[in-house]
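Residue-level structural notes
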Amino acid sequence: VQLQASGGGLVQAGGSLRLSCAASGRTSSRYVMGWFRQAPGKEREFAAAISWSGGSTSYADSVKGRFTISRDNAKNTVYLQMNSLKPEDTGVYYCAAENNRFGPWVVTATNYDYWGQGTQVTVSS
């Protein structure tokens, strides 16, 4: 499966952005989808994940209550709605996919086989 992330940009603190991740190719499989982010000089970190059905989600504590992950399987697209953005949310955001049942593994980047190219999010203070 190929993943294409989009929707990043420059926003002031307190603002909002919605990221999209469009999947193509072998989309018939039931993929768990995740969003990760990487700030300059830091390791890639988990932000959010969602099961195939959308019935299960997981969020990093740092984004809980501000970010919402959702998916539209008819459009093969996953979204990350980001509200109340902070300067520390700045980084490259990557979407990822893995053909597996949703579980505690979703927070670990190395568990995902498929990655998008990333989209830059910059939050100014």
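In this report, the structure presented in the accompanying data block is examined. (Residues numbered from 1 in each chain as written. Predicted model: local features only at pLDDT ≥ 70, side-chain atom pairs only at ≥ 80, totals over all residues. Heavy atoms only, no water.)

**A closer look at the sheet that holds strand S3 (residues 17–24)**
Pairing within the open sheet is antiparallel, and its four strands lie in the order S1-S3-S8-S7. Whereas interior strands pair on both sides, the edge strands pair on one side only; in this sheet they are strand S1 (2–6) and strand S7 (67–72). Averaged over all adjacent pairs, the angle separating strand axes in this sheet is 15°, with direction ignored. Bridge analysis of S1 against S3 gives five bridges, and the strand direction is antiparallel. Considered in S3, the bridge of Gln 4 is made with Ala 22. (Pairing = 2+ DSSP bridges. Helix = DSSP H or I, 4+ residues; strand = E, 2+ residues; numbered from the N terminus. Axes fitted to C-alpha atoms, helices over the stretch in contact; angles between N-to-C directions.)

**Some thoughts on the pattern of salt bridges**
All chains considered together, the criterion is met by four salt bridges. Residue Arg 37 is joined to Asp 89 by a salt bridge in which the shortest nitrogen-to-oxygen separation is 2.8 Å. Of the two residues, Arg 37 sits in strand S4 (residues 32–38) while Asp 89 sits in the loop between strand S8 (77–82) and strand S9 (91–98), which places them 52 residues apart along the sequence. Side by side, Arg 37 and Asp 89 carry an identical accessibility label, which is buried. Taking the shortest distance from any N to any O, the salt bridge between Asp 89 and Arg 66 comes out at 2.7 Å. Separated by 23 residues along the polypeptide, Asp 89 in the loop between S8 and S9 and Arg 66 in the loop between strand S6 (57–59) and S7 bring together distant segments of the chain. In terms of burial, Asp 89 and Arg 66 fall into one category: buried. Each of the salt bridges in this network shares a partner with another, and the network as a whole consists of Arg 37, Glu 45, Arg 66 and Asp 89. (Salt bridge = Lys/Arg side-chain N within 4 Å of Asp/Glu carboxyl O. Buried < 20%, exposed > 50% of the residue type's maximum accessible area, 1.4 Å probe, protein only.)

**Concerning the nonpolar core**
Counting 35 residues, the largest nonpolar core has Met 33, Trp 35, Ile 69, Leu 80, Met 82, Tyr 93 and Tyr 112 as the members making the most contacts within it. For this core, the secondary structure elements donating two or more residues are S1, S3, S4, strand S5 (45–50), S7, S8, S9 and strand S11 (119–124). The element that contributes the greatest number of residues to this core is S5, accounting for five residues. Beyond its immediate chain neighbours, meaning those up to four positions away, Met 33 contacts Leu 3, Cys 21, Ala 48, Ala 49, Ile 50, Ile 69, Arg 71, Val 78, Ala 96, Ala 97 and Tyr 112. (Core = buried A, V, L, I, M, F, W, Y, C linked by side-chain atoms within 4.5 Å. Contact = heavy atoms within 4.5 Å.)

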